[in-house]
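Breakdown of the fold
Below are the chains, spelled out letter by letter.
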Amino acid sequence: MPIRLRRWAALAVCFLAQCLAGAAWAGVERLYVLNCGTSKTKDLSANWSPGANVGVAWEFSNHCYLIKHSQGWFLWDAGMADEIAAQPDGLPAAANGLLTLYVTKTLAAQLEEIEVAPSDVHAAAFSHFHADHVGDANLFTKAHLYVQAAEYDAAFGAEPQKFGFQPALYDKLRANAVTKLNGDHDVYGDGSVVILATPGHTAGH
Ligand SMILES: [Zn+2]
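Residues numbered from 1 in each chain as written. Predicted model: local features only at pLDDT ≥ 70, side-chain atom pairs only at ≥ 80, totals over all residues. Heavy atoms only, no water.

Next up on the list: the sheet that holds strand β1 (residues 28-41). Each strand in a sheet pairs with another by means of backbone hydrogen bonds, the pair being arranged parallel or else antiparallel. Spatial strand order, β4-β5-β1-β2-β3-β6-β7-β8: eight strands in an open sheet with mixed pairing. For this open sheet the edge positions go to β4 (91-94) and β8 (178-181), each flanked by a neighbour on one side alone. Going across the sheet, the axis of each strand differs from the next one's by a mean of 25 degrees, ignoring polarity. As judged from the eleven bridges shared by β1 and strand β2 (residues 58-69), these two strands associate in the antiparallel manner. (Pairing = 2+ DSSP bridges. Helix = DSSP H or I, 4+ residues; strand = E, 2+ residues; numbered from the N terminus. Axes fitted to C-alpha atoms, helices over the stretch in contact; angles between N-to-C directions.)

As structure tokens, then:
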């Protein structure tokens, strides 16, 4: 690369680094990606790609994200229930082996490893309320919730089962403080943690 170009490239990288270290990540001190389970299917075409990949087996990873923000600990998603770890052959979540859930390392153990108590989590949001995303939600009774209004009303309304939800997994959060959202939301107002509304999979995904 000619020297002048190299200088421009260095400057571009510099600006990019400044951007990442500055505005976009303002209050974020650390991001933990936690293993929140895996799920396996014997036939990818059954639910995920109708008509394609017939009979193809697949494994999906499931993550939770714990953010250390200057204002406190923020959790995105609560994965599959820790209780599943007691079932080495997994928890069948659909008939005929179409979906089986596995937990090899509990969320509780991973939090303990980094010395974070569930009660330290001051804010939490869930991508949606299906069992593989709120499995350990009941641990976080001290968290201020950020949930799309449509999702909250479906989950805590009269007929959560109608939406495929299992209220026993998250019912302890009924009394939590909540900010009901109607669209995108910048949690800390600094651009570092922004929840995007992508309805479709569920009403308030
Ligand atoms: Zn789902």
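The next point concerns the coordination of the zinc ion. Only H128 (NE2), H130 (ND1) and H201 (NE2) from the protein reach the zinc ion as donors, at distances of 2.1 Å. Spacing between the donor residues of the zinc ion along their common chain follows H-x1-H-x70-H. There is no split in this pair, since H128 and H130 are both buried. (Donors = N, O, S within 2.8 Å, 3.2 Å for Na, K, Ca; no water. Buried < 20%, exposed > 50% of the residue type's maximum accessible area, 1.4 Å probe, protein only.)

Looking now at the packing of aromatic side chains. Under the criterion given, the structure shown has ten aromatic pairs. Look at Y32 and W73: their rings are 6.1 Å apart centre to centre, the planes differ by 40 degrees, and that puts the pair in the tilted class. In this pair, Y32 sits in strand β1 while W73 sits in strand β3 (residues 72-76), placing the two residues 41 residues apart along the sequence. Taken together, a centroid distance of 4.9 Å and an interplanar angle of 40 degrees make the contact between W48 and F60 tilted. With W48 in the loop between β1 and β2 and F60 in strand β2, this pair connects stretches of sequence that are twelve residues apart. Its relative accessible area of 36% is what places W48 among the partly exposed residues. Relative accessible area serves as the criterion here: at 22%, F60 is assigned to the partly exposed category. (Phe/Tyr/Trp six-rings, centres within 6.5 Å; stacked < 30°, edge-to-face > 60°.)

The next point concerns the nonpolar core. L34, L66, V121, F126, F129, F140 and Y170 are the most contacted members of the largest nonpolar core, which has 35 residues in total. For this core, the secondary structure elements donating two or more residues are β1, β2, β3, β5 (99-102), α2 (107-113), β6 (121-125), β7 (144-148) and α3 (149-156). Among residues more than four places away in sequence, those in contact with F140 are L75, A78, L107, L111, P118, V121, L173 and N176. (Core = buried A, V, L, I, M, F, W, Y, C linked by side-chain atoms within 4.5 Å. Contact = heavy atoms within 4.5 Å.)

Going through the model one piece at a time under the given rule, you end up with five salt bridges. In this structure, E113 engages K105 in a salt bridge whose closest nitrogen and oxygen atoms are separated by 3.0 Å. Judged by relative accessible area, which is 36%, K105 ranks as partly exposed. (Salt bridge = Lys/Arg side-chain N within 4 Å of Asp/Glu carboxyl O.)

Interpretation note: all reported values are geometric properties and have no functional meaning in isolation.
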